[in-house]
Amino acid sequence: MRIVRVASAIVLTVIPLLIPVAVASAQPADQEANRFTFAELGLGRSTTVDPTGERTRLTVPSPVGSVPSTLSGVLTTPAWLDRGWVDVESAGRPIARITLDNAAPTTPVSIPLAAAQTVDGVIALDLIPSLIPDDRYCPDPASDAVRLIDASVDYAGQFAVPGTVAEFLPALLRKLTVFVPSDPDRDMITAATVVATSIVHRYGSQPVQVVVRPDNELQGAAPDGPLERSVVLAKNSDAGAELIYPLEQAPPRMYLTGTGSDLSDQARLITSDLSEIAVATSALAGPSAPKAQLAPESITLDDLGIGTVTGSGGATATASIAIDQTRLGRSASNMSVHLIGSYTPGAGSVRATVNGSPLAVWEADDTGRLDRWIDIPDSALSRVETLDIAVDHPLTTGSGGCSAAADTSVTVDGSSLVRSSDSSTPAPLGMRSMPQALMPKFEIALADESYVGVVRAVTMATGLQRLSSLPLVPEVVSMDQALDGSGPALVIAPASDLPDTVTLPLSSIDETTFRIANPDSAGGPTELTIDTDRPFATVQVTSVQDSAVLVGSWNSTPNEFDAMLSWLDADPARWYALDGDIVFAAQNTEPMSLSSAALSGSDEPAATSDAPSDRTTVLIVGVGLAVLAVAGVGALVVTLRARRSRTEPSRHSDSQ
């Protein structure tokens, strides 16, 4: 049988089923239950139920062969509640009604899910609250809301063993193992990063663990669990993708073979739409190199997947709009938002803030019409900008209490326009500019292109992918090509191997001296000398010819760098928390985020000549304490030199 489908110049040949596979269509008598927390399902650690009565949707994965049977958790009860309940529906069908206990701070819940319908591998649950406040209290849903916490889902049945390429990836995945040759070439490393990043993107917020192993461990490797998958990459003149079963009842391993771009084509097959018609155990993907798509200069909230946003409250209502730059597909600048919508009319004011910083305030009026452009300065831009539109109405005259506060609402329509331009150099340039500064495609350069280089490249690439709403497009190239300034890049190398064209925010002049180079500083670089030569590693953001470059490096051995990657990979939330333009790690300390602007003092008011410089304090706290801690001593002598320029003598020379 031959199936040909053309989509973006992709051709897929499906090879007929070669071996019979026992798919768990009939459930065993003793159905086994598996419990997964909401965090493991990618649903977060808590869910806030909209107090206005609007539906709060939960999307629960439902893998083939096993069905969600029970949702357990705890609902918090607001102090202002007199009585209330939460209805649970699925596809418009009532599932349960939970009566909230107003005599206790929490209400335990157990929701049967047998009646919920599975559609496209998930069941959709709607939580619909009905809350009646106690007339002795003023309800404050913003600070005292109904939240679902400590939630988990039990699954009944036996997870199915995939029988075709199309069924290889389940709706719920806990672990992905990628086997690579011990001596990979660049095409092999590219394929490994493509497999890992594309699968991480497919599962979104699910914290899929990604492990890279050498192929010489394949023979003795244990079979995968029911929600685990393995991909084996091999160099072969005959390209293709094939499922091979280590045991009849165990999930198969996906073998991807080929050379050059053919291997990358097979790697992209796993998560492409084309895989849905690969209804056999083997398939061959034709050319499928993704084309970089230029991000539009203007896009609506609907097109960004945000839609219409509504906020309600008493005297104040706030609509919060989270603008994710990775959804724009690039690093943005000159961003402005054309707000279209409405609010409760009447005297008062309308406020616009971004990430808590005020942008504009104007008078509310009796029309209640929202139609205004809001400009967001480049200095306020980050990976995600939270634009809050708040409407404030004064308290009405009366006897006071809750009745004195007007019901207020504000709605920002999904047709509201976000306009931005491409940022040649992301501003601010730092971890918050990642990974959008690497989009739409980026290059990876490794000083060590062996197996350990694959592990580093995959760990960094998957960590960045977890931050992105769109798939990343990596390609492994030479160091010279990655640093020629033609596009964004990820570089992993010892600091001593970096060319002079790369200027890092934090570098070491010798074994005991740090140099902080901040291009925004009015003076020259700042230096910190310590009397210990402990090894350290960094991940830093810089630029080469206006192209963003993310650099992972170390000063002596790569042990500290590998330990830092392991630490980041252990909890995906750690990637989200990175800030500044430097991630610094040393022995016996957790990695820390630092800012070269703060370290050099350029973000502080200029110090007078007779006043003590804040640079000394910031440097010792930011870098000095990190090194002091690993040295294991109470105090060390540090020397700080701030070189203002080649012609200007140093104004700060402190010793302590």
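Worth saying up front: this structure is predicted, and the values here are computed from it rather than measured. (Residues numbered from 1 in each chain as written. Predicted model: local features only at pLDDT ≥ 70, side-chain atom pairs only at ≥ 80, totals over all residues. Heavy atoms only, no water.)

**Re the overall build of the protein chain**
So, step 1. The number of helices and strands found in the protein chain is 9 helices and 39 strands.
So, step 2. When burial is assessed residue by residue, the protein chain has 49% of its 656 residues classed as buried.
So, step 3. For the protein chain, the proportion of contacts with a sequence separation of at least 24, taken over those separated by at least 6, is 75%.
So, step 4. Surface summary for the protein chain: the accessible area is close to 29300 Å², and the carbon and sulfur share equals 50%. (Helix = DSSP H or I, 4+ residues; strand = E, 2+ residues; numbered from the N terminus. Buried < 20%, exposed > 50% of the residue type's maximum accessible area, 1.4 Å probe, protein only. Contact = heavy atoms within 4.5 Å. Areas by Shrake-Rupley, 256 points an atom, 1.4 Å probe, with all protein chains shown as cover.)

**Section: helix α4 (residues 451-465)**
So, step 1. Spanning 15 residues, α4 covers 21 Å between terminal C-alpha atoms, matching the ideal 21 Å at 1.5 Å per step.
So, step 2. For α4, a buried count of 12 out of 15 residues is recorded, marking the element as mostly surrounded by other parts of the structure.
So, step 3. If you check which residues of α4 are buried, you get Gly453, Val454, Arg456, Ala457, Val458, Thr459, Met460, Ala461, Thr462, Gly463, Leu464 and Gln465. (Expected span 1.5 Å × (residues − 1).)

**Quick look at the nonpolar core**
So, step 1. In terms of nonpolar packing, the biggest core is built from 67 residues, with Val195 and Leu233 touching the most fellow members.
So, step 2. In terms of residue count, helix α1 (residues 186-203) provides more of this core than any other element does, 10 residues in total.
So, step 3. In this view, Val195 contacts Leu176, Val178, Val231, Leu233, Leu256, Ala267 and Ile270; residues no more than four positions away in its chain are not counted. (Core = buried A, V, L, I, M, F, W, Y, C linked by side-chain atoms within 4.5 Å.)

**Observations regarding the packing of α1 against α4**
What describes two packed helices is the angle between their axes and the distance between those same axes.
So, step 1. At a minimum axis distance of 9 Å, the contact between α1 and α4 shows a crossing angle of 30 degrees. Put simply, α1 runs roughly parallel to α4. With respect to the hand of their crossing, α1 and α4 are arranged in right-handed fashion. Packed against α1, whose contacting residues are Ile189, Ala192, Thr193, Ala196, Thr197, Val200 and His201, the element α4 presents Val454, Ala457, Val458, Ala461, Thr462 and Gln465 at the interface.
So, step 2. Partitioning the contact of α1 with α4 into residue classes produces 8 nonpolar, 5 polar and no charged. (Axes fitted to C-alpha atoms, helices over the stretch in contact; angles between N-to-C directions. Parallel < 35°, antiparallel > 145°, perpendicular 65-115°, else oblique. Left-handed = near helix turned anticlockwise from the far one by under 90°. Nonpolar A, V, L, I, M, F, W, Y, C, P; charged D, E, K, R; others polar.)

**A few points about the pattern of salt bridges**
So, step 1. Enumeration over the complete set of coordinates arrives at 15 salt bridges.
So, step 2. One salt bridge in this structure joins Arg35 and Asp154, with 2.6 Å as the shortest N-O distance. In this pair, Arg35 sits in strand β2 (residues 33-37) while Asp154 sits in strand β11 (residues 146-157), placing the two residues 119 residues apart along the sequence.
So, step 3. By relative accessible area, which is 14% here, Asp154 ends up buried. (Salt bridge = Lys/Arg side-chain N within 4 Å of Asp/Glu carboxyl O.)

**Focus on the packing of aromatic side chains**
So, step 1. Taken as a whole and judged by the stated rule, the model has 6 aromatic pairs.
So, step 2. Ring geometry for Phe514 and Phe584: centres 6.0 Å apart, planes at 70 degrees, overall edge-to-face. Highlighted residues: Phe514 in strand β32 (residues 513-516) and Phe584 in strand β36 (residues 582-586), separated in sequence by 70 residues. Accessibility classification places Phe514 together with Phe584 in one group, the buried group.
So, step 3. In this structure an aromatic cluster arises from ring pairing among Phe36, Tyr155 and Phe159. (Phe/Tyr/Trp six-rings, centres within 6.5 Å; stacked < 30°, edge-to-face > 60°.)

**Here we look at the environment of Leu429**
So, step 1. Among the secondary structure elements, Leu429 is positioned in the loop between β27 (417-422) and β28 (442-446).
So, step 2. Of the residues examined, Leu429 reaches a relative accessible area of 23% and is grouped as partly exposed.
So, step 3. Once residues lying within four places of it in the same chain are set aside, the contact partners of Leu429 are Val541, Thr542, Ser543, Ala548 and Asp581.

**Considerations on the environment of Gln158**
So, step 1. Its location among the elements puts Gln158 in the loop between β11 and β12 (175-180).
So, step 2. C-alpha of Gln158 to C-alpha of Gly65: the two residues are 93 residues apart in sequence and 5.6 Å apart in space.

**Things to note about the sheet that holds strand β23 (residues 357-363)**
By definition, the strands of a sheet pair up through backbone hydrogen bonds, in either a parallel or an antiparallel sense.
So, step 1. If you walk across this open sheet you meet the 4 strands as β20-β25-β22-β23, and the pairing is antiparallel. Taken across any chain shown, the strands that pair with only one partner, and hence form the sheet edges, are β20 (316-324) and β23. Going across the sheet, the axis of each strand differs from the next one's by a mean of 15 degrees, ignoring polarity.
So, step 2. Sheet analysis places strand β22 (residues 349-354) next to strand β25 (residues 384-392), joined by 6 bridges and oriented antiparallel. Bridging across to β25, Val350 finds its partner in Val391. (Pairing = 2+ DSSP bridges.)

**Focus on the pairing of β36**
So, step 1. Extensive coverage of β36 is indicated by the burial of 5 of its 5 residues.
So, step 2. In this sheet, β36 lies alongside strand β34 (residues 536-544) in antiparallel orientation, the contact comprising 5 bridges. Residue Ala537 lies in a different strand from β36, and its bridge partner there is Ala585.
So, step 3. Summarising the sheet, β36 and strand β37 (residues 592-594) pair through 3 bridges and their orientation is antiparallel. The partner of Val583 across the bridge, within β37, is Ser593.
So, step 4. Hairpin geometry of β36 and β37 is characterised by an intervening segment of 5 residues between the two adjacent antiparallel strands and by a positive phi of about 65 degrees at Asn588.

**Looking at the confidence of the model for the protein chain**
Detailed reading of predicted coordinates is not advised where the pLDDT is low.
So, step 1. Of all residues in the protein chain, 80% have pLDDT values of 70 or greater, and the mean over the chain is 83.
So, step 2. Here residues 1-32 is a poorly scored stretch, pLDDT under 50, and it has 74 contacts once near neighbours within four places are set aside; other chains count.
So, step 3. In this model residues 605-618 is a low-confidence stretch, pLDDT under 50, and it forms 18 contacts with partners more than four residues away in sequence or in other chains. (pLDDT = per-residue confidence, 0-100.)

**Section: the side chain of Ser230**
So, step 1. Inspection of the secondary structure assignment puts Ser230 in strand β14 (residues 228-235).
So, step 2. Side chain to side chain, Ser230 and Asp224 meet in a polar contact 2.8 Å long.
So, step 3. Every residue in contact with Ser230, bar those within four places of it in the chain, is listed here: Phe168, Thr177, Phe179, Asp224, Arg253 and Met254. (Polar contact = N/O pair within 3.5 Å; in protein donor to acceptor, adjacent residues only side chain to side chain.)

**Description of the environment of Val49**
So, step 1. In this structure, Val49 sits in strand β3 (residues 46-49).
So, step 2. Counting along the chain gives 96 residues from Val49 to Ala145, while the straight-line C-alpha distance between them is 7.2 Å.
So, step 3. Sequence-distant contacts of Val49, defined by excluding residues within four places in its chain, comprise Thr56, Leu75, Leu127, Pro129 and Val146.

**Details of unusual backbone geometry**
So, step 1. Met434 connects to Pro435 through a cis peptide bond whose omega is 0 degrees.
So, step 2. Along the chain, Pro435 turns up in the loop between β27 and β28.
So, step 3. Positive phi is not limited to glycine here, since Asn334 has a value of about 50 degrees.
So, step 4. Along the chain, Asn334 falls in strand β21 (residues 332-343).
So, step 5. Residue class for Asn334 comes out exposed when judged on its relative accessible area of 53%.
So, step 6. The backbone of Asn588 sits at a positive phi, close to 65 degrees, despite the residue not being glycine.

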